[in-house]
Structure formats: structure tokens, C-alpha cells
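Topology and contacts: notes
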Amino acid sequence: MNRGWFVTGTDTGIGKSLASATLLHALRARGLRAVGMKPLASGCESTPEGWRNEDALALQAASDPRPAYDEVNPLALPNPLAPELAAADAGIRVTLAPIVSAFQRLHAQADAVVVEGVGGWAAPLSSDLDQADLVRALDLPVVMVVGLRLGCINHARLTARAIEHDGLHLAGWIANDIDPAMARADDNFELLRQRLPVACWGRLPFREKPDPAQLRSLLQTA
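Residues numbered from 1 in each chain as written. Predicted model: local features only at pLDDT ≥ 70, side-chain atom pairs only at ≥ 80, totals over all residues. Heavy atoms only, no water.

Here is the rule we go by: UniProt positions are given in the numbering used here, feature names are shortened, and annotations may be inferred rather than shown by experiment.
Going by the annotation in an unreviewed UniProt entry, the name recorded for the chain is ATP-dependent dethiobiotin synthetase BioD, with Lysobacter auxotrophicus given as the source organism. The UniProt entry for the chain carries this comment under Pathway (unreviewed entry): "Cofactor biosynthesis; biotin biosynthesis; biotin from 7,8-diaminononanoate: step 1/2." Annotation of the chain in UniProt includes, under Cofactor (unreviewed entry), the sentence "Mg(2+)".

If you want it as C-alpha cells, here you go:
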């Protein structure tokens, strides 16, 4: 059993959090202990317990066992900006050490850790850190989420090539129907299946309020 996956996307707002939470439920349905992680989250709300991010909370809720929030999201940044800008605004220097430490604690609790990245693959974490650096440090294969909308074939192929160029392993991809008005969505999905170099793990349908627990049967991991 793999110790986990790093979930990236073809862009921001294409459903990485939904795919990650659904993947957690699919793993748990197989009898595995699976926990989620959002190492760096920008766009957090102040609560009595500290800064909290909606996506990180969703991953925590989809996890079993239920980890502490600070382990799920070790770097919580208030402003909803690119991570480099949000970290600068918060006076935080993004480094790999606290992320790797939190990942190791999560891995000690579970059979698999699903780690959700930020934005698209090329979105940097800081002035000197790319997401590829984090994936190397965690030694994880990558799962790519493709938001089905106009332009998705180009974005998906470029992202897959970038992951390969960075010397990392793309294990599979997940399609997410984010645009219910997309013309010939099924045909675009089939073109993606033909042209991407790895297997599709599943396709998530468009829902106004998707429930990852109900969608779990739609995903098959490698």
C-alpha cells in the first residue's frame, strides 16, 4: 500500500479539495486508515481555536482517524492570495521542515495520507520553493485533478508534462465536472483518456453541494 498521494490540479478552483476528500472516503471504504493534509492554506477565518481554512476542515472531517487541525494544516495564512503573497502578509517564511514533520506525524497514524497542494502545479510555495520540492521531500506520487471546462485538454497535458519534467511520478488523474454547461463534455473526457499518459481514477459529476462520502464509489485508486 502506498503511503499516500499528493493531489495537484490543472488550475485553481477545479475541485482538488472535493477530489481529495472523496479519495479519503474511497480509501476508508476499503478498510484503510486515511487522513488528509493541506500543508499550506491561504484564505483562513479567525476562530477561538485559531486560523481555520474551509478546505483543510473538509479534509479533517473526511479523515479517520481524525487528526489535529495543526497537523492537517501546519501553515494557515489569513489572506486569500497566492501563497507567496499571503505568507509575506502574515510575516511567515514558508519552509519544508514543519510540513514534513506534520506529514510524518500523520503518516504514523494512518495507512495513507492524501496531501492537497495549492492552485495548479506550477504555483510556487515561496520565492525559493515550488510544489515539486515539497513532493520530493514527502516522497509521494502525484494525482492530477482535471476540471472539465473549455481548455482542459491543453491544461491537463501541460500539467502532466510539467510533473514528468520535474522528475516526479504521475500516478493517475481524476476528472471533475465543474461546468455543467460545457459543450460535449463526454467527448472532451474521452479525448483526455486517450491522451493523458496514466489511467483515470474516476469522474466526479457536477453537484451544487457535493458530498464526498456519497461520491466515493466513483473513484478507483491504483
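On we go from here.
Looking at the sheet that holds strand E10 (residues 200–204)
Counted only if it meets this: In this scheme, strands are said to pair when DSSP sees at least two bridges between them. Each helix is a run of DSSP H or I of at least 4 residues and each strand a run of E of at least 2, with the numbering of both proceeding from the N terminus. The convention used is that axes are lines fitted to C-alpha atoms, helices contributing only their stretch in contact, and that angles between N-to-C directions extend from 0 to 180 degrees. Any pair of residues with heavy atoms lying within 4.5 Å of one another is described as a contacting pair.
Within the open sheet, the six strands sit side by side as E2-E7-E1-E8-E9-E10. Their pairing is parallel. Both outer strands of the open sheet, strand E2 (34–37) and E10, are each paired with one neighbouring strand and no more. On average, adjacent strands in this sheet sit at an angle of 20 degrees to one another, irrespective of strand direction. Summarising the sheet, strand E9 (residues 170–176) and E10 pair through four bridges and their orientation is parallel. In the sheet register, Ile174 faces E10, and the bridge partner there is Gly202. Strands in contact with helix H1 (residues 16–29) are strand E1 (4–9), E2, strand E7 (112–116), strand E8 (142–147), E9 and E10; relative to E7, the strand with the most contacts, it is inclined by about 175 degrees. Each of E8, E9 and E10 is contacted by helix H8 (residues 185–195), which is oriented at about 165 degrees to E10, the strand it contacts most.

Observations regarding the packing of helix H5 (residues 96–109) against helix H6 (residues 131–138)
Definition in use: Oblique is the label for any angle not covered by the other classes, which are roughly parallel (under 35 degrees), roughly antiparallel (over 145) and roughly perpendicular (65 to 115). Left-handed is the label given to a crossing in which the near helix is rotated counterclockwise from the far helix by less than a right angle, and right-handed is the label when the rotation is clockwise.
Close contact between H5 and H6 brings their axes to 10 Å; oriented N to C, the two are set at 40 degrees. Compared by their axis directions, H5 and H6 come out oblique. Along this stretch, H5 crosses H6, giving a crossing that reads as right-handed. For the pair H5 and H6, contact is made by Leu96, Ile99, Val100 and Phe103 and by Asp133, Leu134, Ala137 and Leu138, respectively.

Re the nonpolar core
Stated precisely, the cut-off is as follows: Only buried residues count toward a nonpolar core, which is a set of Ala, Val, Leu, Ile, Met, Phe, Trp, Tyr and Cys residues joined through side-chain atoms within 4.5 Å. A 1.4 Å probe rolled over the protein chains alone gives each residue an accessible area, and that area as a share of the maximum for its type sets the label: buried under 20%, exposed over 50%, partly exposed in between.
Counting residues in each nonpolar core, the largest one holds 45 residues, and the members touching the most others are Trp173 and Leu192. Contacts of Trp173, omitting those with residues within four sequence positions, involve Val143, Met144, Val146, Phe189, Leu192, Arg193, Leu196, Val198, Ala199, Cys200, Trp201 and Gly202. Counting residues in hydrophobic clusters, the runner-up holds 24 residues, among them Trp5, Ile14, Ala21 and Leu204.

Comments concerning the environment of Ser17
With respect to the secondary-structure elements, Ser17 resides in helix H1. For the pair Ser17 and Leu85, spaced 68 residues apart in the sequence, the C-alpha separation amounts to 21 Å.

With respect to the UniProt feature "active site" (unreviewed entry) in the chain
UniProt's entry tags Lys38 with the feature "active site" (unreviewed entry), counted in the numbering of this structure. By the element assignment, Lys38 lies in the loop between E2 and strand E3 (40–42). Not counting residues within four places of it along the chain, the set of residues in contact with Lys38 comprises Asp55, Ala56, Leu59, Val72, Asn73, Pro74, Glu116, Gly117 and Val118.

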